[in-house]
Amino acid sequence: MRVLRSVHDGVGEGPDDVGAERPDDPQGIRRRYNKDHPDAKITLRLFANDDYKQKLRVAFGANQAPDLFFSWGGGALNDYVQAGKVDALTTSEVHMDRYTPSVMRSATFDGKVYGVPANGLAPVVLYYNKKVLAHAGVKPPKTHDDLLAAVQKLKAKDVVPLSLAANSKWPTLMYLEYLLARTGGAEVFAKIASGDSSAWKNPSVTKANQYLQELSEAGAFGDNASSVKCPFRSPNTDTPDRTAYLARTSPQRNGARHTEARPMHTPHAVQPP
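Residues numbered from 1 in each chain as written. Predicted model: local features only at pLDDT ≥ 70, side-chain atom pairs only at ≥ 80, totals over all residues. Heavy atoms only, no water.

Caption draft 1: Structural detail: unusual backbone geometry. The phi dihedral of asparagine 63 is positive, around 55°, even though this residue is not glycine. Unlike most non-glycine residues, lysine 169 shows phi in positive territory, near 70°. If you trace the backbone, lysine 169 turns up in the loop between α6 (144-156) and α7 (170-183). Lysine 169 gets classed as exposed once you look at its relative accessible area, which sits at 61%. (Helix = DSSP H or I, 4+ residues; strand = E, 2+ residues; numbered from the N terminus. Buried < 20%, exposed > 50% of the residue type's maximum accessible area, 1.4 Å probe, protein only.)

Caption draft 2: Looking closely at the packing of α7 against helix α8 (residues 185-193). The contact between α7 and α8 brings their axes to 6 Å, and the two run at 130°. Our classification of the angle between α7 and α8 gives oblique. Residues Glu177, Leu180, Ala181 and Thr183 of α7 lie in contact with α8, whose contacting residues are Gly185, Val188, Phe189 and Ile192. Partitioned by chemical class, the residues of the contact of α7 with α8 number five nonpolar, two polar and one charged. (Axes fitted to C-alpha atoms, helices over the stretch in contact; angles between N-to-C directions. Parallel < 35°, antiparallel > 145°, perpendicular 65-115°, else oblique. Contact = heavy atoms within 4.5 Å. Nonpolar A, V, L, I, M, F, W, Y, C, P; charged D, E, K, R; others polar.)

Caption draft 3: Representation of a negative patch on the surface in the model. The grouping of Asp145, Asp146, Glu214 and Glu217 at the surface amounts to a negative patch. Sorting the residues of the negative patch by element identifies α6 and α9 (203-217) as the ones contributing at least two each. Mapped onto the elements of the fold, aspartate 146 is located in helix α6. Residue classification places aspartate 146 among the partly exposed positions, given a relative accessible area of 36%. (Patch = residues over 30% accessible without salt bridge, like charges linked within 9 Å, V, L, I, M, F, W, Y side chains within 5 Å. Areas by Shrake-Rupley, 256 points an atom, 1.4 Å probe, with all protein chains shown as cover. Salt bridge = Lys/Arg side-chain N within 4 Å of Asp/Glu carboxyl O. Lys, Arg positive; Asp, Glu negative; His and termini not counted. Charge placed at Lys NZ, Arg CZ, Asp CG, Glu CD.)

Caption draft 4: Looking closely at the packing of aromatic side chains. Per the counting criterion, the structure on display carries six aromatic pairs. With a centroid separation of 5.7 Å and an interplanar angle of 75°, the aromatic rings of phenylalanine 69 and tyrosine 80 are classed as edge-to-face. Here the residue phenylalanine 69 occupies a position in strand β3 (residues 68-72), and tyrosine 80 occupies one in helix α3 (residues 75-82), the gap between them amounting to eleven residues. When sorted by exposure, phenylalanine 69 lands in the same class as tyrosine 80, which is buried. (Phe/Tyr/Trp six-rings, centres within 6.5 Å; stacked < 30°, edge-to-face > 60°.)

Caption draft 5: Broad picture of the environment of methionine 96. Along the polypeptide, methionine 96 turns up in the loop between α3 and α4 (101-104). Those residues in contact with methionine 96, other than ones at most four positions away along the chain, are Leu89, Thr90, Thr91, Met104 and Val113.

Right, here's the structure in full:
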């Protein structure tokens, strides 16, 4: 019996027997696949956080990578493509027309597709605690100046205004993405995501960083953001992408052992998901 070993970042999945099964739940997909393919069963192992990326790198480096693995698009997946560690997919294996072309772009390199969306697009939003803001006399800010004023009111109530797990690095990049989208628009962001290093010199990038620095200097992220790690999702920090892709390892590179962990959450006034 052939066993396919697959690893995933472990976001949002619970034990096999807990709660209703979501259509994109990896454990549910595994059970359905194994039921239909008794001679080629999948063994799915989950663990969370930045450990996922490190364990995957070690497994690939030792030529013991899983046969199937989850990755983020852009630079994270392309590193394995450039190293010859993953196979390109063909139209006979995947119905490419089922997916939005812009989504497939992050898993396409030199005209070849190396992954397919595995969990849909994940919108990134900020949300706030109504009770905490009301207690501080703060209304949801509509401008950057409003936000800076809200930071001072929240700090006066001994509240960390914004959640930032800066030790994990990529959450800080997400704040910069928010700001760059507003100072430079989609065009500048797209150039950076495509690997055009000259785009970093665009004045809108400097402006976005200045906004972020203002928030930091105002104390928006508290005093220990640099020591806080994010307990869930760790997107690639080279070319950001909100979609996880399922890719296939090249032949003769399989086998890896993994552990499982569960996230913990710390409340703040305003948090990204």
